Amino acid sequence: SIERLSKEWNSPIYVFFKPIPSIEYIKECRVHVFQCGAKRCMGKSNGRMICQYLDTGNARLTGNLCKHAKICRGEEAVAAADLTGDARAACDWVR
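An account of the accompanying structure is given in this report.

Conventions adopted
Residues numbered from 1 in each chain as written. Predicted model: local features only at pLDDT ≥ 70, side-chain atom pairs only at ≥ 80, totals over all residues. Heavy atoms only, no water. Helix = DSSP H or I, 4+ residues; strand = E, 2+ residues; numbered from the N terminus. Buried < 20%, exposed > 50% of the residue type's maximum accessible area, 1.4 Å probe, protein only. Contact = heavy atoms within 4.5 Å. Areas by Shrake-Rupley, 256 points an atom, 1.4 Å probe, with all protein chains shown as cover. Arc of directions from axis to C-beta. Pairing = 2+ DSSP bridges. Axes fitted to C-alpha atoms, helices over the stretch in contact; angles between N-to-C directions.

**Things to note about the overall build of the protein chain**
Stage number 1. Check the secondary structure of the protein chain and you find 4 helices and 3 strands.
Stage number 2. For the protein chain, the succession of helices and strands along the chain, N to C, is α-β-β-β-α-α-α.
Stage number 3. Each of the 95 residues in the protein chain was classed as buried or not, and the buried ones make up 32%.
Stage number 4. Sequence separation of 24 or more characterises 44% of the internal contacts of the protein chain that already satisfy a separation of 6 or more.
Stage number 5. Taken as a whole, the protein chain presents about 6,400 Å² of accessible surface, with 51% of it coming from carbon and sulfur.

Set out below in structure tokens:
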């Protein structure tokens, strides 16, 4: 369930996205679809929706989320959130 999985989302990058992703299937692969939390999303290809494929060996990697957050919030904001060390501390900083 999302509640169980979300306990493992400790990376500060998650604070740039809505807290609960949708679960979808793309070409028979299960994905979490995170929605950008920016008021004016600057996303290019998929807009404010970022997919994290769960059926791969790198399901826990956050590179695509980082790339999107840097576009919307800027590299400095992402770096500053990363310096906080975890999602809870970054949440206080970002909000």
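We are not done yet, so read on.
**Some remarks on unusual backbone geometry**
Stage number 1. A positive phi is found at Lys27, a non-glycine position, where the angle reads about 50°.
Stage number 2. The topology assignment puts Lys27 in the loop between β1 (22-26) and β2 (29-35).
Stage number 3. Positive phi, close to 65°, is recorded for Glu28, a residue that is not glycine.
Stage number 4. By the element assignment, Glu28 lies in the loop between β1 and β2.

**Looking at the environment of His32**
Stage number 1. Position of His32 relative to the elements: it lies in strand β2.
Stage number 2. On the accessibility criterion, His32 (2% relative accessible area) is buried.
Stage number 3. Note: C-alpha distance between His32 and Cys51 (19 residues apart in sequence) is 5.7 Å.

**Remarks on helix α3 (residues 75-83)**
Stage number 1. Within α3, burial applies to Ala77, Val78 and Ala81. End-on, the buried residues of α3 take up no more than an arc of 95°, which puts them together on one face. Residues Glu75, Glu76, Asp82 and Leu83 are exposed on α3 and point more than 90 degrees away from its buried face.

**Regarding the sheet that holds β2**
Stage number 1. With antiparallel pairing, 3 strands are arranged side by side in an open sheet as β1-β2-β3. Where the open sheet ends on each side, the last strands, each with one partner, are β1 and β3 (49-53). Neighbour to neighbour, the strand axes of the sheet diverge by 40° on average, direction disregarded.
Stage number 2. Across the sheet, helix α2 (residues 63-73) lies against β2 and β3, angled at about 165° from β3, the strand it touches most.

**Overview of the side chain of Thr62**
Stage number 1. Here Thr62 shows up in the loop between β3 and α2.
Stage number 2. Not counting residues up to four positions away in its chain, the partners in contact with Thr62 are Ser11, Ile13, Tyr14 and Gln52.

**So, the environment of Val78**
Stage number 1. Structurally, Val78 is set in helix α3.
Stage number 2. With 63 residues separating them along the chain, Val78 and Val15 place their C-alpha atoms 9.7 Å apart.
Stage number 3. The residues touching Val78, leaving out its near neighbours within four places in the chain, are Ile13, Phe16, Ala69 and Lys70.

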